[in-house]
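# Close look at the chain arrangement
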Amino acid sequence: KDIHTEYVHLGVDTRRFAPGYADAAICWRKRLNIPVEALVFISMRALAQRYNHHLVLRAFAAALTMTERNCILVFKSYNPAGPEYEAYLRNLAQELGISDRVRWIADVPFEQLHDLYAMADCVINFPDLDSLPVTFMEAAACERPVITCRLKSYAGTFAEQYFEFVAPGDVEGLAKAISRMAGDLSVAPESFRERLTRARAEVERLHSEREY
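This report concerns the structure included in the present document. This structure is a prediction, so every number in the text was calculated from the model and none was measured.

## Here we look at the sheet that holds strand β5 (residues 146–149)
Reading across the sheet, the 6 strands line up as β3-β2-β1-β4-β5-β6 and stay open at both edges, with parallel pairing between neighbours. Across the chains shown, the open sheet's two edge strands, defined by having one partner strand only, are β3 (102–105) and β6 (164–166). The average undirected angle you get between the axes of adjacent strands in this sheet is 25°. Here strand β1 (residues 39–43) pairs with strand β2 (residues 71–76) via 5 bridges, running parallel. Its bridge partner being in β2, serine 43 is matched across the sheet by phenylalanine 75.

Listed below in structure tokens is the structure:
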């Protein structure tokens, strides 16, 4: 017998996670020594190997050879699965010669998490296995573009309409997507505005805490 199932998410606070927070974004950039003109790519997932931050690092290093823009990659290092993985990532960044293009955020309370989205120009998500992450909803609510791998768990969701997809594990594809995003954000940032506004409206309609 078929059993009816329905997916219910906790949702996000779309009043907190919203566009804006320009002053907080500037403060974070100053704190992390990120130039105002730099493009910031951020990996918002926990610092665990299953989220493939090491592949993100490799792709970012390759992308830097494809763009003239000053790009910075940011990791949240305050919620690691283990100190050895963070050490591995830091060593890898050094081996790739991009330590000066990588920043590490040691701690930030949840109440200020939206400030990180405000600081960022693009969010990167690249796990091998996942559910539908709240990161997608937070990013869309903050009207931030997202580059992600195409997993089955993301199929049929709002992410398919509004995010940039590459194949899982495709480091070269991710590098090209980062490079394209850097170019698009530099040349025509307004081209994202309508799509991101619609993405936020979709999250407000389907995935806000108020709805749930």
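## Here's the deal with the state of the cysteines
Counted under the stated rule, the structure contains 0 disulfides. Cysteine cysteine 71 is unpaired, with the sulfur of cysteine 122 as its nearest cysteine sulfur at 9.9 Å. Cysteine 71 sits in the buried class, given a relative accessible area of 1%. For cysteine 142, which is in no disulfide, the shortest distance to another cysteine sulfur is to cysteine 122 and amounts to 13 Å.

## Thoughts on unusual backbone geometry
Of note in the backbone geometry, asparagine 52 takes a positive phi value of approximately 60° without being a glycine. Mapped onto the secondary structure, asparagine 52 falls in the loop between β1 and α2 (53–64). Judged by its relative accessible area of 4%, asparagine 52 is buried. Phi is positive for glutamate 143, which is not a glycine, with a value near 60°.

Calculation notes
Residues numbered from 1 in each chain as written. Predicted model: local features only at pLDDT ≥ 70, side-chain atom pairs only at ≥ 80, totals over all residues. Heavy atoms only, no water. Pairing = 2+ DSSP bridges. Helix = DSSP H or I, 4+ residues; strand = E, 2+ residues; numbered from the N terminus. Axes fitted to C-alpha atoms, helices over the stretch in contact; angles between N-to-C directions. Disulfide = S-S within 2.5 Å. Buried < 20%, exposed > 50% of the residue type's maximum accessible area, 1.4 Å probe, protein only.

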